[in-house]
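Given next are the chains, with one letter for each unit.
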Amino acid sequence: MTRILFVCHGNICRSPMAEFVMKELLRRAGLAEAVVVESAAMHTDELGNDIHSGTRRKLQEKGIPFTRRAAWLLTAEKAHGYDLLIGMDAYNIADLKRRVFPEDVEKIRRLSAFAGSARDIADPWYTGNFDETYDDVLAGCTALLEKLKARLASNPAADAAPPAGSPPTKAEQGRWGEDTAAAFLEAKGWKIVGRNVRPCPEDQRCEIDLIAQSRDGGTVVFVEVKTHAQRTEWHNRLSGVDRRKRKNLLRACANWITRNRWHGGFRFDVIEVWGSRENKTPPEIDHVENVPLFGPNWRFW
């Protein structure tokens, strides 16, 4: 299966526009099952936010289906799981080359290049011109579709959809677990404000799976998500959060709090998700609240 990731600065305007346009083009071409399309942010400005209202209006105007989503930050580990990493402008391309592993640099492309253009796709967050951005995105995605068709035609077995019942990869299983945990928190009234957040850019181990904020905005919960295929008889619910993991999580949470100058309440939770995205039965969820990551006398200010 071919996996494509579109990126832009904040993941609310151009990259989600490209994601949903590409998905619709693939659906119309009958290739939706052969290609996975997603989008991500290169910077933390809009993490957790849904697509921009201008992008939403333009997609509605053009009859392009879209869903609610939350901007998330691309990491080197996440980028490694994609076959194509597609930026919108020269800044995105430069950010990608700095962010990804050296062996993944060859996956990087500029969207307009597929349509034979060397110019950037302008950011409508600054220009306000969503019409121009949509036209450029459509041209790039249409040209990309033709290349995908040629690739699939020349080697259909390599990009065919996986057989029914084939197990998901570890990355897919983890992503499903995070999606399940996020939906669980939202159903309890929490707002997801960040996913796969790395407040320490210089340290790839510093990652917070989910950051959620209470309905009244007064409390932030940092969440570590653990996904398990099946439940075992004897299981330590915090076995996946060992001393080294806690040290990295503490550093990540402390950096987020200081960078965002957060003065409200905060806590650390662990959510364990039992099941698989392939199962037809609902997943089981264990929510362990107030795990003692910080200690009783932790202070930031």
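As a starting point, this report considers the structure included with it. Model, not experiment: these values are computed from the prediction.

### Quick notes on the packing of helix α2 (residues 53-61) against helix α6 (residues 130-154)
Then step 1. Close contact between α2 and α6 brings their axes to 10 Å; oriented N to C, the two are set at 60 degrees. With respect to α6, the element α2 is oriented oblique. Crossing of α2 over α6 shows right-handed handedness. Across the interface between the two elements, Gly-54, Thr-55 and Lys-58 of α2 pack against Phe-130, Asp-131 and Tyr-134 of α6.
Then step 2. In terms of residue class, the contact of α2 with α6 is made up of two nonpolar, two polar and two charged.

### Here's the deal with the packing of aromatic side chains
Then step 1. Within this structure, the stated rule accounts for four aromatic pairs.
Then step 2. Ring centres of Trp-125 and Tyr-126 lie 5.0 Å apart, and the angle between their planes is 75 degrees; on these two criteria the pair is classed as edge-to-face.
Then step 3. Measuring from centroid to centroid gives 6.4 Å for Trp-256 and Trp-262, while their planes differ by 55 degrees, and the two rings are tilted. Here Trp-256 matches Trp-262 in class, with each residue buried.
Then step 4. Its guanidinium or amino end placed over the ring of Tyr-82, Arg-3 lies 5.0 Å from that ring's centre, counting from NZ or CZ.

### Thoughts on the sheet that holds strand β6 (residues 208-213)
Then step 1. Taken in spatial order, the five strands make up an open sheet running β5-β6-β7-β8-β9, and their pairing is mixed. Edge positions in the sheet fall to β5 (191-197) and β9 (284-288), since each has one partner strand and no second. Ignoring which end each strand starts from, the neighbouring axes of this sheet average 25 degrees apart.
Then step 2. The sheet contacts of helix α9 (residues 243-259) involve β5, β6, β7 (219-228) and β8 (265-274), and relative to β7 the element is tilted by about 145 degrees.

### A word on the nonpolar core
Then step 1. In terms of nonpolar packing, the biggest core is built from 35 residues, with Phe-6, Met-22, Leu-111, Cys-141 and Leu-144 touching the most fellow members.
Then step 2. Those elements giving two or more residues to this core turn out to be β1 (2-8), α1 (14-28), β2 (35-41), β3 (84-87) and α6.
Then step 3. Once you skip the residues sitting within four places of it in the chain, Leu-144 turns out to touch Ile-4, Phe-6, Met-22, Leu-84, Ile-86 and Phe-114.
Then step 4. Counting residues in each nonpolar core, the second largest holds 21 residues, with Cys-200, Ile-211, Val-220 and Trp-262 among its members.

### Section: the side chain of Arg-195
Then step 1. Along the chain, Arg-195 turns up in strand β5.
Then step 2. Judged by relative accessible area, which is 10%, Arg-195 ranks as buried.
Then step 3. Side-chain polar atoms of Arg-195 contact the side chain of Asp-179, separated by 2.7 Å.
Then step 4. Ignoring anything within four residues of it in the chain, the contact list for Arg-195 reads Trp-72, Leu-73, Arg-175, Glu-178, Asp-179, Ala-182, Ile-208, Asp-209 and Leu-210.

### Quick notes on the environment of Gln-213
Then step 1. You can see Gln-213 is positioned in strand β6.
Then step 2. Note: C-alpha distance between Gln-213 and Gly-194 (19 residues apart in sequence) is 9.5 Å.
Then step 3. With residues up to four places along the chain from it excluded, the contact list for Gln-213 reads Trp-190, Lys-191, Val-193, Thr-219, Val-220 and Trp-262.
Then step 4. Here Gly-217 takes part through its backbone oxygen, which lies 3.2 Å from a polar atom of the side chain of Gln-213.

### Some remarks on the side chain of Ser-214
Then step 1. When you line up the elements, Ser-214 lands in the loop between β6 and β7.
Then step 2. In terms of polar contacts, Ser-214 uses its side chain to reach the side chain of Asp-216, at 2.6 Å.
Then step 3. Within the structure, Ser-214 has its side chain in polar contact with the backbone nitrogen of Gly-218 (distance 3.2 Å).
Then step 4. What Ser-214 contacts, discounting residues up to four positions off in sequence, is Gly-189, Trp-190 and Thr-219.

### Concerning the pairing of β2
Looking along a regular strand, one sees side chains alternate from face to face of the sheet.
Then step 1. Of all seven residues in β2, six are buried; the element is thus mostly enclosed.
Then step 2. Bridge count between β1 and β2: seven bridges; the pairing is parallel. Bridge assignment links Thr-2 to a residue of β2, and that residue is Val-35.
Then step 3. Handedness of the crossover joining β1 and β2 through α1 is recorded here as right-handed.

### Details of the pattern of salt bridges
Then step 1. In the structure shown here, the tally under the stated rule is 22 salt bridges.
Then step 2. Across the pair Lys-23 and Glu-19 runs a salt bridge whose closest N-O atoms are separated by 2.8 Å. One end of the pair, Lys-23, and the other, Glu-19, are both in helix α1, four residues apart, so they sit about a helical turn from each other.
Then step 3. A relative accessible area of 34% places Lys-23 in the partly exposed class.
Then step 4. Taking the relative accessible area as the measure of exposure, Glu-19 reaches 6% and is therefore buried.
Then step 5. For the salt bridge of Lys-149 with Glu-146, the shortest nitrogen-to-oxygen distance reads 3.6 Å. With Lys-149 and Glu-146 both in helix α6 and three residues apart, the pair spans about one turn of that helix.
Then step 6. Each member of the salt-bridge network shares a partner with another, and the members are Lys-188, Arg-267, Asp-269 and Glu-289.

Quick notes on the rules
Residues numbered from 1 in each chain as written. Predicted model: local features only at pLDDT ≥ 70, side-chain atom pairs only at ≥ 80, totals over all residues. Heavy atoms only, no water. Axes fitted to C-alpha atoms, helices over the stretch in contact; angles between N-to-C directions. Helix = DSSP H or I, 4+ residues; strand = E, 2+ residues; numbered from the N terminus. Parallel < 35°, antiparallel > 145°, perpendicular 65-115°, else oblique. Left-handed = near helix turned anticlockwise from the far one by under 90°. Contact = heavy atoms within 4.5 Å. Nonpolar A, V, L, I, M, F, W, Y, C, P; charged D, E, K, R; others polar. Phe/Tyr/Trp six-rings, centres within 6.5 Å; stacked < 30°, edge-to-face > 60°. Buried < 20%, exposed > 50% of the residue type's maximum accessible area, 1.4 Å probe, protein only. Lys NZ or Arg CZ within 6 Å of the ring centre and 35° of its normal. Pairing = 2+ DSSP bridges. Core = buried A, V, L, I, M, F, W, Y, C linked by side-chain atoms within 4.5 Å. Polar contact = N/O pair within 3.5 Å; in protein donor to acceptor, adjacent residues only side chain to side chain. Right-handed = clockwise from strand over helix to strand, strands pointing away. Salt bridge = Lys/Arg side-chain N within 4 Å of Asp/Glu carboxyl O.

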